[in-house]
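# Structural description and commentary
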Amino acid sequence: MKVLALKEGNFSVNKEKEFVFLDEFSKGIKMSIQPFLVMTGTENILLDAGLGWLENHQPKIFANLSEHELQPSQIDKILLSHLHKDHISGLVNTSAGKWILNFPDAEIYIQKREYDFALSKRGSLSFDFEILDFIIKNAKIMWMNDDSGSVSDEITFQVTGGHSPFHQVFWVKNENETYFYGADNLPQAAYLKYHLAYKTDFDGKTAKDQRIEWEILAKKEHWKVLLYHDLGKSVLEF
């Protein structure tokens, strides 16, 4: 089994939730965008789908997959932690006049309650409803309704809330390793250094308390923590 970062790049985000490639003049919140590829030997699985950033008129994630000798058609499952646009926009290529799915053969796993919440927030800049609506209409959606469970023999999930009401996290395990993907409840290593409740979260206190619990378990069980938004690293090893 392999777990690999598919980094799109480092970005800055303004108050209008617009992402621009990071440079020395950038203002706003700074973060990376890096989905993760899980190669189990029998399946290729993405943890979130990225921003859909284009490089040479092609999604950057395609070039990242090509480095590992994979084509987009070889992605079997895509597990979404939540539905904010920087986690789902990479599912769709909108550069041409006709929209297409980047991973047309993949099953896309979505928490149904998270989707219902998103629909109640039409107008929120955190979502891209054109993309979300296109995905729901055209992709192979696997609706998730449980608070915890298994996606495969190697991957389990838990609904945590925190960053969004039904945000979910994932564990990827084999006999020797445990990878933990905390998504936006644990997006950067610095979130473990400073125990803060962030106002950008739906429930910052819950997310903060979870990080404290996860750090204890990570040290005890030697987790490898996957960091979606960390500027400098993709994996934090304990």
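Described below are features of the structure shown in this document. Here the structure is a predicted model, which means the values were calculated and not measured.

The next subject is helix α3 (residues 112-119). Because an α-helix completes one turn every 3.6 residues, residues spaced three or four positions apart along the sequence face the same direction. Taken together, the buried positions of α3 are occupied by E114, Y115, F117 and A118. Buried residues of α3 fall within an arc of 160° about the axis and therefore sit on the same side. Looking at the packing, one finds that the buried side of α3 touches β12 (107-111), α4 (129-138) and β13 (140-144).

Moving on to the nonpolar core. Counting residues in each nonpolar core, the largest one holds 32 residues, and the members touching the most others are I78, L83, L91, F103, I108 and I135. If you list the elements that add at least two residues to this core, you get β5 (36-39), α1 (60-66), β12, α3 and α4. By residue number, the principal contributor to this core is α4, which donates 5 residues. Among residues more than four places away in sequence, those in contact with I78 are L46, A49, L91, F103, A106, E107, I108 and Y109.

Another aspect to go through is the pattern of salt bridges. Summed over all chains, the structure comprises 9 salt bridges. E55 is the partner of K60 in a salt bridge, and the nearest nitrogen-oxygen pair spans 3.5 Å. A relative accessible area of 38% places E55 in the partly exposed class. Across the pair K112 and D116 runs a salt bridge, and its minimum N-O distance is 2.9 Å. Of this pair, K112 and D116 both sit in helix α3, 4 residues apart, which is roughly one turn of the helix. For K112, a relative accessible area of 27% translates into the label partly exposed.

Across the sheet, which stays open at both edges, the 6 strands sit in the order β1-β5-β6-β9-β12-β13 with mixed pairing between neighbours. This sheet does not close on itself; its edge strands, each paired only once, are β1 (2-5) and β13. Across this sheet, the average inter-strand angle for adjacent strands is 25°, counted without regard to direction. With 3 bridges joining them, strand β6 (residues 44-47) and strand β9 (residues 77-79) adopt parallel strand pairing. Bridge pairing in β9 links L46 to I78. Strand contacts of α3: β12 and β13, with the helix running at about 70° to β12, the strand carrying the most contacts. Against the sheet, α4 touches β12 and β13, its axis set at about 100° to β13.

Thresholds, definitions, all that
Residues numbered from 1 in each chain as written. Predicted model: local features only at pLDDT ≥ 70, side-chain atom pairs only at ≥ 80, totals over all residues. Heavy atoms only, no water. Buried < 20%, exposed > 50% of the residue type's maximum accessible area, 1.4 Å probe, protein only. Helix = DSSP H or I, 4+ residues; strand = E, 2+ residues; numbered from the N terminus. Arc of directions from axis to C-beta. Contact = heavy atoms within 4.5 Å. Core = buried A, V, L, I, M, F, W, Y, C linked by side-chain atoms within 4.5 Å. Salt bridge = Lys/Arg side-chain N within 4 Å of Asp/Glu carboxyl O. Pairing = 2+ DSSP bridges. Axes fitted to C-alpha atoms, helices over the stretch in contact; angles between N-to-C directions.

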